[in-house]
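Structural description and commentary
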Amino acid sequence: MTAQAPKRLLFATDLSSRCDRALDRAVLLGQQWQASAVALSVLDPATAGRDLKALGGPERVPQSVAEKRLRADLAVECLPFTVRVERGPVAETVLAVAQSEGADLIVTGVARNEALSRMLLGSSVDTL
């Protein structure tokens, strides 16, 4: 029995620079496996305004700011991405989108910066 390469990748990002390597990895894997790709950013209602303000966007229109930023980050010609911006609890929303999109693999970056730099990946990545 041989393993089959994933045909659909989900790249989950918080739009921070910590996800740059994960994006590079998703592009390389997508090319190698000739897979389709979905890019997802989840806006947690509790922190969306603060997070997007830190990225230079206005707090009043977080979904459009997040989508614009995500599309700019995905300006790669070698692997076209379907873009999704959703609202909700991060881990649960990523898993729901992965299921609805038929993703075979989730690619994500490391955890957010926190005081005293946690040794663990972070609650969302731990949950995933």
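A brief structural summary.

Reading the values: the criteria
Residues numbered from 1 in each chain as written. Predicted model: local features only at pLDDT ≥ 70, side-chain atom pairs only at ≥ 80, totals over all residues. Heavy atoms only, no water. Helix = DSSP H or I, 4+ residues; strand = E, 2+ residues; numbered from the N terminus. Buried < 20%, exposed > 50% of the residue type's maximum accessible area, 1.4 Å probe, protein only. Contact = heavy atoms within 4.5 Å. Areas by Shrake-Rupley, 256 points an atom, 1.4 Å probe, with all protein chains shown as cover. Polar contact = N/O pair within 3.5 Å; in protein donor to acceptor, adjacent residues only side chain to side chain. Pairing = 2+ DSSP bridges. Axes fitted to C-alpha atoms, helices over the stretch in contact; angles between N-to-C directions. Right-handed = clockwise from strand over helix to strand, strands pointing away. Core = buried A, V, L, I, M, F, W, Y, C linked by side-chain atoms within 4.5 Å.

**Here's the deal with the overall build of the protein**
- Counting its secondary structure elements, the protein contains 5 helices and 4 strands.
- Sequence-ordered secondary structure for the protein, helices as α and strands as β, is β-α-β-α-α-β-α-β-α.
- Each of the 128 residues in the protein was classed as buried or not, and the buried ones make up 39%.
- Pairs at least 24 apart in sequence give 72% of the contacts found in the protein among residues at least 6 apart.
- Accessible area for the protein stands at about 7900 Å²; split by element, carbon and sulfur atoms hold 52% of it.

**Side note on the environment of Ser-100**
- On the secondary structure map, Ser-100 appears in helix 4 (residues 90-101).
- At 3.1 Å, the side chain of Ser-100 and the backbone oxygen of Val-97 are in polar contact.

**Comments concerning the side chain of Ser-16**
- Topologically, Ser-16 is positioned in the loop between strand 1 (8-12) and helix 1 (20-33).
- Overall, the relative accessible area of 13% leaves Ser-16 in the buried class.

**Considering the sheet that holds strand 1**
- Pairing is parallel in the open sheet, where 4 strands are placed in the order 3-2-1-4. Looking at the sheet topology across the chains shown, the edges are occupied by strand 3 (81-87) and strand 4 (105-108). Ignoring strand direction, the axes of neighbouring strands in this sheet form an average angle of 25°.
- Inspection of the sheet shows strand 2 (residues 36-43) paired to strand 3 by 7 bridges, in the parallel sense. Note that in strand 3 the partner of Val-38 across the bridge is Thr-82.
- Helix 1 contacts strand 1, strand 3 and strand 4 of the sheet and is inclined by roughly 175° relative to strand 1.

**What about the pairing of strand 2?**
- When you tally the buried positions in strand 2, you get 7 out of 8 residues, the bulk of the element.
- Looking at chain direction, strand 1 and strand 2 are connected through 5 bridges and run parallel. Residue pairing in the sheet places Arg-8 in a bridge with Ser-36 of strand 2.
- A crossover links strand 1 with its parallel partner strand 2, the connecting element being helix 1, and its sense is right-handed.

**A closer look at unusual backbone geometry**
- The phi dihedral of Leu-15 is positive, around 70°, even though this residue is not glycine.
- Mapping Leu-15 onto the fold places it in the loop between strand 1 and helix 1.
- For Leu-15, a relative accessible area of 2% translates into the label buried.
- Of note in the backbone geometry, Gln-34 takes a positive phi value of approximately 50° without being a glycine.

**Structural notes on the environment of Ala-98**
- You can see Ala-98 is positioned in helix 4.
- C-alpha separation for the pair Ala-98 and Leu-9, spaced 89 residues apart in sequence, amounts to 8.5 Å.
- Setting aside residues up to four positions removed in sequence, Ala-98 forms contacts with Leu-10, Ala-103 and Ile-106.

**Description of the nonpolar core**
- Membership of the largest hydrophobic core comes to 18 residues, with the highest contact counts inside it found for Phe-11, Leu-23, Ala-39, Leu-70, Leu-74 and Phe-81.
- Contributing elements (two or more residues each) for this core: helix 1, strand 2, helix 3 (62-73) and strand 3.
- At 4 residues, helix 1 tops the list of elements feeding residues into this core.
- Among all residues touching Leu-23, those that are not within four sequence positions of it are Phe-11, Asp-73, Leu-74 and Phe-81.

Everything listed is a geometric property; what it means functionally is a separate question.
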